[in-house]
Amino acid sequence: MPTPASPSPTLVSRRKLSPPGVVAALVRREAICSLVAASRAARLVLVRAPAGFGKTTALAQCRSDLEAQNVRTAWLTLDAADNDPSRFLNALAESLSTLGTPVPLETTPNAVLRMMDDIGASGHPFAVFMDDFETVQDPVVSSLVRELVDNLPRQGQVFIGSRVNPELGTARMRARGQLVEISSEELRFSLEETRAFFSREGAVSLSTDAVEMLHTRAEGWVAALWLASMAIERHPEPSAFVARFSGSSALIADYLAEDVLNAQPAAVRNFLLRSSILHRLDAAICDAVLGPEGGAAALERIAASGLFLLPVNEGNSYRYHALFSAFLRGQMVREIPAEIPRLHLTASVWFEQRGQMVAAIEHAMQGGHHERAIALLEPQVDELLKSGRMRLLARWFAALPEDEINRRATLSMAQIWAVCLTTGPWDAMRLLDRSGWTAQDPASRPHVLALRPLLLGMMDRYDEAYALGRDNLRAMPTGNAFADSALATAMAHTFLVMGQYRESHRLLQTARTTHAGPTPLFNRMFSETVEGIIDLEEGQLRKAAARFRLAVHSTAGPNVTATGGNAYAGVQYAVALFEMGDLDQAERLLNVYVPMARAVGLRDQMIVGYVMLARMAFDRRQLDRAWELLSSLEQSGYDRHLPRLTASARLQRSHLLLLQGNAQASRAELMLASQPDVWETAARLHFPAHDIDDLEMGWLRWNLAFGDATAVLRDTLAAQARALDTKRVRRALKLQVLHALALQRTGQAQAALDTFSKVLSQAAAQGFVRLLLDEGESVRELAVQLQARNAMGHAEIDPIDQEHLDKILRMLGAPRAEALDDTHDADKLTPKELRMLRLLADGFSNSELAVKLFVSDSTVRTHLRNINLKLNAGNRTQAVAIARKLGLIA
């Protein structure tokens, strides 16, 4: 072991020996602290990540947890001066002395090891923290630390925070199970932690979408989120700042320039700037574009240096963190702009030679080589259309000269397809009219025949789409399989809306057989989605879910949680998952696909998407979020002059107010939603968004809750007959639920249970859950009564039906049967507790209750516990149900 000379100990700065305080406002890194708590047998805990990933904060939280468990700790923050082995040993000895062992007269390596032995001899567990380890490059110091870890007493543990991988023999420790590694992957904030960060006390309030956008762009990088929060506090329009947030944002750029880029040697700095044009870095592409001296060898050094280089998959490929990459590209424009076209051209040629045409075109576009980009793109455009690469095509076309596109029918038609499915039918129709290409031009004929009826349908002009599309179908086949399949599928959707299911099925079969080989991904997505919508309306939920899943994955890959692909399929898949009660997965899909549907102008997908998100927020007692979502849908209707969106938002707001028991406000919203033109058209056509949610259903619900339930009995029977005549089985099931509730309200308890039991059996066969749950408290009462009747054993119960009833009751949070009969202390409820019960019944969350009652969150929780105890309830839902039974609240 090296034995450096050791001068007499000198005073070590208290700053080096003092860990940063654990600020209460910071987000607790629960996963990291739990991992450390479960790894006490490891000798070394290595926390390694680039700048700003929260290494020091994570170490400080771990230290605080250990001290709370009576583990003694010592802290040492390293700096460049610690490259002197003698100074390092002196600082380490001072740090260890905080554990109760005196500093020796001479701080030699052996003396420090004896200090460790003395600390371990006490039998108490201890931990030594060394932060900013990347500042130490001296091999002697590294050797000293390695010796320290190798000879650590059994009760001891060493924590190291570093931007780079230290030379401490970690491979050997890893093989022996003596090493715990916490990298940038573990340190980056999860979406939940980002939400918690922006929900902390004093933070500027941001919308859910804004927080998710910041999280996505920062990729969980803690420093970026912190800097963004500081900027937002001073920005007059926080939402505008979030929309523009990138690596070129002033605070981010200053941080990266000062703390990262300017600290690098010239050769490394040059590599970082020039390689930033590449989306993926590996040895071959770096050598080709940057040359041997600045290529693979430099990449290997950078990969070990912790400079925001993230591994891609399992190979030796990397990518820069998105914000760091954007920052580097911005710096390159300022410092070496003349290099950019040449580097992109070299990369484009390299990818073309290897048959990677998308990358070749991308680099040609980014380098401004438009003629080359067009020459590469034109032969590839048909395949890109078939594979559904609409967003990529739209982005490329937006950057190319319009006259160069319009001169070529292939590119002009591809641009219209891309615009149609990324920014909407109105822009696409204007582009088609302006292009000059018609159905009389052989090169554009197949596309024009398919595009016009599709665009008309997307504009809700289905009567025109129906008439034109039927004529255009006679021209098939045109010789263009993609366009023919798209026309057949678009008309299948139009026939679906017109209620002609048989003709729709026939056209879907035509769409599938148009291609000689496998059906292109985009056409498969479209046709499977249309088929799935028909299945759903016919009550075949499981079959529909399978089709929607296949449609989503046809353009997004096989991952079950995939969120790529197309909004048309994605929102419909979420509908099926929502109906089955898989709310988490449905919400993940909706958060991705609803903004896409809004951008394109897919009306039905927008309506059902916003309505589902609002229902989920309402169920979680996030009332402000529910009203915000419905207001967004309503505003979209005003902005785009789409009254169907406005009426649908009001209809759903009426339903939520009804569930709160607010008869007057619910009726007022229904009156506002009663736009004759909208609902007369919806009654004639089969819009997917209004299969079970339309004005007729709204008035049936309102009259059932507050009006003439006897009239509802008559009206639901008539409506069921109409639904079954048109094969709308799902709608008929919903009407049966309302009929059972009307029987219950008119005092026909046995008939109500018989009808509800039949509906439950049909729902169980297909997995329908929300069909029942969305009717609220009244369904809960019927479900509890049916459970009680089944328990008496008067009739044989199908096990599948019983299992489904149990699931419904669990999701409803139905009160325990005995709770309503048990003794209770309802008379001991305080006025504040009674007021809280009324607010609970209105659906307010804990944080909203705290604001309305002017108390803290912990006080709210205390009141809730007291309410549950006094009412003998298991949760807030049971408490409200019991309070209503006892007449304590309306």
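This one's a predicted model, so the numbers in the text were calculated from it and none came from an experiment.

Undergrad: Could you give an account of the overall build of the protein chain, naming the residues involved and the relevant values?
TA: When helices and strands are counted, the protein chain shows 49 helices and seven strands. With 890 residues in all, the protein chain has 54% of them scored as buried. Across the protein chain, contacts joining residues at least 24 apart in sequence account for 69% of those joining residues at least 6 apart.

Undergrad: Account for the pairing of strand S2 (residues 72-77), naming residues and giving values.
TA: Burial within S2 is extensive, with five of its six residues counted as buried. Here S2 pairs with strand S3 (residues 126-131) via six bridges, running parallel. Residue pairing across strands places Trp75 opposite Phe129, the latter belonging to S3.

Undergrad: So what about the nonpolar core? Which residues, and what values?
TA: In globular proteins that are soluble, nonpolar side chains generally tend to be buried together. Formed by 208 residues in total, the largest nonpolar core has its most connected members in Phe271, Leu377, Leu393, Phe397, Trp417, Leu772 and Leu837. The element contributing the most residues to this core is helix H34 (residues 603-619), with eleven residues. Aside from chain neighbours lying at most four places away, what touches Leu377 is Ile361, Leu384, Leu393, Trp396, Phe397, Leu400 and Leu411. Membership of the second largest hydrophobic core comes to 40 residues, among which are Val47, Phe189, Ala228 and Leu323.

Undergrad: Lay out the confidence of the model for the protein chain with the relevant residues and their values.
TA: Across the protein chain, the average pLDDT comes to 85, with 89% of residues at or above 70. In this model, residues 1-10 is a region of pLDDT below 50 whose contacts with residues beyond four sequence positions or in other chains number 28 contacts. In the model, residues 556-565 has pLDDT below 50 throughout and makes 24 contacts with residues more than four positions away in sequence or in other chains.

Undergrad: Help me get a handle on a positive patch on the surface, residues and values and all.
TA: Taken together, the side chains of Lys832, Arg835, Arg838 and Lys852 make up a positively charged region of the molecular surface. Per-element accounting of the positive patch gives the leading share, three residues, to helix H46 (residues 831-841). The class for Arg838 is partly exposed, based on a relative accessible area of 44%.

Undergrad: How would you explain helix H32 (residues 567-580) if you had to name every residue and give the values?
TA: With 14 residues, H32 extends 20 Å from end C-alpha to end C-alpha; this agrees with the ideal 20 Å at 1.5 Å per step. Counting buried residues in H32 gives 13 out of 14 residues, a clear majority hidden from the surface. Looking one or two places after H32, you find Gly581, whose phi comes out positive at around 90°.

Undergrad: Would you mind going over the environment of Leu602 in detail, with residue names and values included?
TA: Position of Leu602 among the secondary structure elements: in the loop between helix H33 (583-600) and H34. The exposure class of Leu602 is buried, given its relative accessible area of 12%. It is 8.5 Å that separates the C-alpha atoms of Leu602 and Met459, two residues lying 143 residues apart in sequence. Apart from the residues within four sequence positions on either side, Leu602 is in contact with Met458, Ala567, Tyr568 and Ala597.

Undergrad: Explain the packing of H32 against H34 residue by residue, including any values.
TA: Where H32 contacts H34, the axes come no closer than 10 Å and their chain directions differ by 40°. Read as a crossing pair, H32 and H34 show a hand that is left-handed. In this structure, H32 uses Ala567, Tyr568, Val571, Gln572, Ala574, Val575 and Phe578 to contact H34, whose residues at the interface are Gln605, Val608, Gly609, Met612, Arg615 and Met616.

Undergrad: Give a detailed account of the packing of aromatic side chains, specifying residues and quantitative values.
TA: All chains considered together, the criterion is met by twelve aromatic pairs. With centroids separated by 5.5 Å and ring planes inclined at 15°, the aromatic side chains of Trp75 and Phe129 adopt a geometry described as stacked. Taken together, the residues Trp75 in strand S2 and Phe129 in strand S3 connect sequence positions 54 residues apart. Considered together, Trp75 and Phe129 belong to a single accessibility category, that of buried residues. One aromatic cluster in this structure is built from Trp75, Phe129 and Phe159.

Undergrad: Now, about unusual backbone geometry: what can you tell me, with residues and values included?
TA: In this chain, Met476 is followed by Pro477 through a cis amide linkage whose omega measures 0°. Unlike most non-glycine residues, Asp132 shows phi in positive territory, near 60°. Within the fold, Asp132 resides in the loop between S3 and helix H6 (139-150). For Asp132, a relative accessible area of 27% corresponds to the partly exposed category. The phi torsion at Glu219 lies on the positive side, around 50°, for a residue other than glycine. Structurally, Glu219 can be placed in the loop between helix H10 (208-218) and helix H11 (222-234).

Undergrad: Give a description of the environment of Leu310 that names residues and reports values.
TA: By secondary structure assignment, the location of Leu310 is in strand S6 (residues 309-312). Sequence separation between Leu310 and Glu185 is 125 residues; the distance between their C-alpha atoms is 9.2 Å. Those residues in contact with Leu310, other than ones at most four positions away along the chain, are Ser184, Arg188, Glu219, Ser317, Tyr318, Arg319 and His321.

Undergrad: I'd like a description of helix H3 (residues 55-68), backed by residues and values.
TA: Helix length check: H3 (14 residues) gives 20 Å between terminal C-alpha atoms against 20 Å at 1.5 Å per residue, within 8%. Within H3, the full set of buried residues consists of Lys55, Ala58, Leu59, Ala60, Gln61, Cys62, Arg63 and Leu66. Tucked inside the fold, the buried residues of H3 contact helix H2 (30-37), strand S1 (44-48), S2, S3, strand S4 (156-162) and helix H8 (184-187). Residue Asn70 follows H3 closely and has a positive phi angle near 65°.

Undergrad: Break down the pattern of salt bridges for me, with residues and values.
TA: One pass over the structure, following the stated rule, counts 57 salt bridges. The partner of Arg615 in a salt bridge is Asp774, with the nearest N and O atoms 3.5 Å apart. One end of the pair, Arg615, is in helix H34; the other, Asp774, is in the loop between helix H43 (770-773) and helix H44 (777-791), and 159 residues separate them in sequence. In this structure, Arg615 and Asp774 share a single accessibility class: buried. A salt bridge links Glu777 to Arg780; the shortest N-O distance between them is 2.8 Å. Taken together, the residues span about one helical turn, with Glu777 and Arg780 both in helix H44 at a distance of three residues. Residue classification places Glu777 among the partly exposed residues on the basis of a relative accessible area of 23%.

Undergrad: Please set out the side chain of Ser162 residue by residue, giving values where relevant.
TA: Position of Ser162 among the secondary structure elements: in strand S4. You can call Ser162 buried: its relative accessible area is 0%. Polar side-chain contacts of Ser162 include one of 2.7 Å to the backbone oxygen of Val164. Ignoring sequence-local partners within four residues, the contact set of Ser162 consists of Val47, Arg48, Ala49, Lys55, Phe133 and Glu134.

Undergrad: Go over the sheet that holds S1 with me, naming the residues and quoting the values.
TA: Hydrogen bonds along the backbone pair up the strands of a sheet, which may run parallel or antiparallel. The five strands lie next to each other as S2-S3-S4-S1-S5, forming an open sheet whose pairing is parallel. The two strands at the open ends of the sheet, each matched to only one other strand, are S2 and strand S5 (179-182). Going across the sheet, the axis of each strand differs from the next one's by a mean of 15°, ignoring polarity.

Undergrad: Lay out the environment of Arg650 in plain terms, naming residues and giving numbers.
TA: Examined against the element boundaries, Arg650 turns out to sit in helix H36 (residues 643-659). When the C-alpha atoms of Arg650 and Glu669 are compared, they prove to be 5.6 Å apart, with 19 residues separating the residues in sequence.

Undergrad: Describe in detail the packing of H33 against H34, supporting the description with residues and values.
TA: Where H33 contacts H34, the two axes come as close as 9 Å, and the packing angle between them is 140°. Classified by the angle their axes make, H33 and H34 are oblique. Viewed along their axes, H33 and H34 form a crossing whose handedness is left-handed. Facing H33, whose interface residues are Leu583, Glu587, Leu590, Asn591, Val594, Ala597 and Arg598, H34 presents Gln605, Met606, Gly609, Tyr610, Met612, Leu613 and Met616. Partitioning the contact of H33 with H34 into residue classes produces nine nonpolar, three polar and two charged.

Undergrad: Help me get a handle on the side chain of Asp801, residues and values and all.
TA: When you line up the elements, Asp801 lands in helix H45 (residues 799-812). Despite its burial, Asp801 pairs with no opposite charge; the closest candidate is Arg542, at 9.3 Å N-O. Filtering out sequence-adjacent residues up to four positions away, Asp801 remains in contact with Leu760, Ser761 and Ala764.

The rules behind these values
Residues numbered from 1 in each chain as written. Predicted model: local features only at pLDDT ≥ 70, side-chain atom pairs only at ≥ 80, totals over all residues. Heavy atoms only, no water. Helix = DSSP H or I, 4+ residues; strand = E, 2+ residues; numbered from the N terminus. Buried < 20%, exposed > 50% of the residue type's maximum accessible area, 1.4 Å probe, protein only. Contact = heavy atoms within 4.5 Å. Pairing = 2+ DSSP bridges. Core = buried A, V, L, I, M, F, W, Y, C linked by side-chain atoms within 4.5 Å. pLDDT = per-residue confidence, 0-100. Patch = residues over 30% accessible without salt bridge, like charges linked within 9 Å, V, L, I, M, F, W, Y side chains within 5 Å. Areas by Shrake-Rupley, 256 points an atom, 1.4 Å probe, with all protein chains shown as cover. Salt bridge = Lys/Arg side-chain N within 4 Å of Asp/Glu carboxyl O. Lys, Arg positive; Asp, Glu negative; His and termini not counted. Charge placed at Lys NZ, Arg CZ, Asp CG, Glu CD. Expected span 1.5 Å × (residues − 1). Axes fitted to C-alpha atoms, helices over the stretch in contact; angles between N-to-C directions. Left-handed = near helix turned anticlockwise from the far one by under 90°. Phe/Tyr/Trp six-rings, centres within 6.5 Å; stacked < 30°, edge-to-face > 60°. Polar contact = N/O pair within 3.5 Å; in protein donor to acceptor, adjacent residues only side chain to side chain. Parallel < 35°, antiparallel > 145°, perpendicular 65-115°, else oblique. Nonpolar A, V, L, I, M, F, W, Y, C, P; charged D, E, K, R; others polar.

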